[in-house]
Amino acid sequence: MNGFSAIDIMLNPHDLTEILGQANTGGVHSTLLVNPHGALVAFSGYGDNAVRVKATISSNIWSAYEHSRHNAIDDDSLHCLIMSCQTGNVAIHHAGSSGLLLCMFADKTVGHGMLKAKIAAMAKFLNGPLNTIVVS
Amino acid sequence: MKKKVLLMGKSGSGKTSMRSIIFANYIARDTRRLGATIDVEHSHVRFLGNLVLNLWDCGGQEAFMENYFASQRDNIFRNVEVLIYVFDVESRELEKDMHYYQTCLEAILQNSPSAKIFCLIHKMDLVQEDQRDIVFRDREDDLVRLSKPLQCACFKTSIWDETLYKAWSSIMYQLIPNVQELETNLARFAEIINADEVLLFEKATFLVISHNERRKHKDIHRFEKISNIIKQFKLSCSKVAASFQSMEVRNNCFAAFIEVFTSNTYVMVIMSDTSIPSELTLINIRNARKHFEKLEKLDKNRLNAGRQWRV
């Protein structure tokens, strides 16, 4: 019985962490995956802790903008959010179709364009595995 | 799919109490109210959804036992999958006990020669702790010898600790049709999610029906201990009209997740890498659920299809 194909649709923690870690170069210091409720799913990075707090806050910000888009003329769903903060830049992006979010935290030295390019590339790469899993 | 399980043994040896605790959600204390079983008590117990155990709890009083071996012999001993014989460790009539046991075996040999035989040396709590192993080994040797040419598996049990669960888990394990398949899939699951260990419990009884160990553990009795603990917790939940669904236990050395899995099972996942966020493990469990549910359905269909061929 060839039932193993279904069971391969799961996320190996080490592999996932390694993939996320590939973005952490040139000023980007952490990359995370967050679920729609704000719970941390995976992360890779260095620097300060409080990763879970960052995850929840990012998810909240995303939800706030996601809800307000109903008022906008453009009917497209939110793709990417880039924030410029005091000590660094943050990018949040859709990951897969089940509501997971990809977040990247970087120093001020990383330009918005570079950050956007990195997160879009990562999201595109993760689309494959993340589209097949059920998140909640 | 019906499987016939005979539960036999002398009067007062603890058969009905055992059955009540494993299948009817009694706690050990509740069994005090049980009276002597009259003749044979039939119960159909659903196990793992599609398995129906036809449990024959045979009253152990002499009059009944004489009856079984005489007039009801064929009826009782035919089509038996499993014979569970209970011995009271404190019994003063060892000779008589053995005599009845052997008479049962004769009937089994004649009517259901391929039945699996389990001997439970029960009420071990009444034996001093340091004596238990010796007493058990002694009885086990006798029973194995007397059971020849049939083979029996012996367990020491007590309703007051986890040993009851160990025995019944092993018994149930023999009755599950697709156990190998379950284990292979569980192994694959454990590997992908990086778990130290994964256990599968039957939903109602919380008996461990399958497990995969990726990292060695010292305590060989952990399965039955966990069954016992969770079952007690589940029962106290139902006392406040709450149904137990899931639990996460975490400290700096490990994280354990107990979740409803398929319609007939619960799963327990142990992770020793505490840096892995809980949500990731939960997502993986959710996704594996579909696969295992499919396995269960396939098995059910296989059994049903097989049934149609019988005339």
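Residues numbered from 1 in each chain as written. Chains lettered and ligands numbered in written order. Predicted model: local features only at pLDDT ≥ 70, side-chain atom pairs only at ≥ 80, totals over all residues. Heavy atoms only, no water.

A. Spatial organisation of the pairing of strand E5 (residues 116–122) of chain B. All names here are of chain B. With respect to burial, E5 is a largely interior element, 6 of its 7 residues being buried. As paired elements, strand E4 (residues 80–88) and E5 share 7 bridges and run parallel to each other. The residue of E5 that forms the bridge with aspartate 88 is histidine 122. Between E4 and its parallel partner E5, the chain crosses via helix H4 (residues 94–111), and the hand of that crossover is right-handed. Where E5 lies against strand E6 (residues 152–156), 5 bridges are found, and the strand directions are parallel. Bridging across to E6, isoleucine 121 finds its partner in lysine 156. The handedness of the E5 to E6 crossover, carried by helix H5 (residues 132–147), is right-handed. (Buried < 20%, exposed > 50% of the residue type's maximum accessible area, 1.4 Å probe, protein only. Helix = DSSP H or I, 4+ residues; strand = E, 2+ residues; numbered from the N terminus. Pairing = 2+ DSSP bridges. Right-handed = clockwise from strand over helix to strand, strands pointing away.)

B. Structural detail: the interface of chain A and chain B. Taken residue by residue, the interface counts 25 residues in chain A and 26 residues in chain B. For the pair chain A and chain B, the summed buried surface comes to about 2,100 Å²; carbon and sulfur atoms form 64% of the total. Taken together, the links from chain A to chain B amount to 0 salt bridges. Along the contact surface separating chain A from chain B lie 5 residue pairs in polar contact (both at pLDDT 80 or more). Those elements that provide at least two residues to the side of chain A that touches chain B are helix H1 (4–7), helix H2 (13–21) and strand E2 (40–45) of chain A. Ranked by residues supplied to the side of chain A that touches chain B, first place goes to E2(A) with 4 residues. (Contact = heavy atoms within 4.5 Å. Buried area = accessible area lost by both parts, 1.4 Å probe. Salt bridge = Lys/Arg side-chain N within 4 Å of Asp/Glu carboxyl O. Polar contact = N/O pair within 3.5 Å; in protein donor to acceptor, adjacent residues only side chain to side chain.)

C. Structural view of the sheet that holds strand E3 (residues 80–84) of chain A. Residues and elements named next belong to chain A. A sheet is described by the order of its strands in space; here 5 strands give the open sequence E2-E1-E5-E4-E3, paired in antiparallel fashion. Where the open sheet ends on each side, the last strands, each with one partner, are E2 and E3. Ignoring strand direction, the axes of neighbouring strands in this sheet form an average angle of 15 degrees. Here E3 runs beside strand E4 (residues 89–95); their pairing, made up of 5 bridges, is antiparallel. In the strand pairing of E4, serine 84 is matched with asparagine 89. In this fold helix H4 (residues 112–132) packs onto strand E1 (28–34), E3, E4 and strand E5 (100–106), with an angle of close to 25 degrees to the strand it touches most, E4. (Axes fitted to C-alpha atoms, helices over the stretch in contact; angles between N-to-C directions.)

D. How the structure looks around the environment of Phe47(B). Residue and element names in this part refer to chain B. Structurally, phenylalanine 47 is set in strand E2 (residues 40–47). On a C-alpha basis, the gap between phenylalanine 47 and glutamate 202 in space is 7.3 Å, while along the polypeptide they are 155 residues apart. Those residues in contact with phenylalanine 47, other than ones at most four positions away along the chain, are Phe23, Leu53, Met172, Ile176, Glu202, Thr205, Leu207 and Ile209.

E. Quick peek at the packing of aromatic side chains. Within the structure shown, the criterion is met by 13 aromatic pairs over all chains. Relative to Tyr266(B), the ring of Phe244(B) lies with its centre 5.7 Å away and its plane at 15 degrees, an arrangement referred to as stacked. With Phe244(B) in the loop between helix H8 (222–239) and strand E9 (246–250) and Tyr266(B) in strand E11 (residues 265–271), this residue pair connects regions lying 22 residues apart in the sequence. By the burial criterion, Phe244(B) is buried, and Tyr266(B) matches it. Ring centres of Phe261(B) and Phe292(B) lie 5.1 Å apart, and the angle between their planes is 45 degrees; this geometry places the pair in the tilted category. Placement of Phe261(B) in the loop between strand E10 (255–260) and E11 and of Phe292(B) in helix H9 (residues 278–309) is noted, with a sequence separation of 31 residues between them. Each member of the pair, Phe261(B) as well as Phe292(B), carries the same accessibility label: buried. Among the aromatic residues, those joined into a ring-pair cluster are Phe201(B), Phe206(B), Phe233(B), Phe244(B) and Tyr266(B). Just above the ring of Phe105(A) sits the side chain of Lys54(A); from NZ or CZ to the centre is 4.8 Å. Sitting over the ring of Phe136(B), Lys156(B) keeps its end group 5.8 Å from the ring centre. (Phe/Tyr/Trp six-rings, centres within 6.5 Å; stacked < 30°, edge-to-face > 60°. Lys NZ or Arg CZ within 6 Å of the ring centre and 35° of its normal.)

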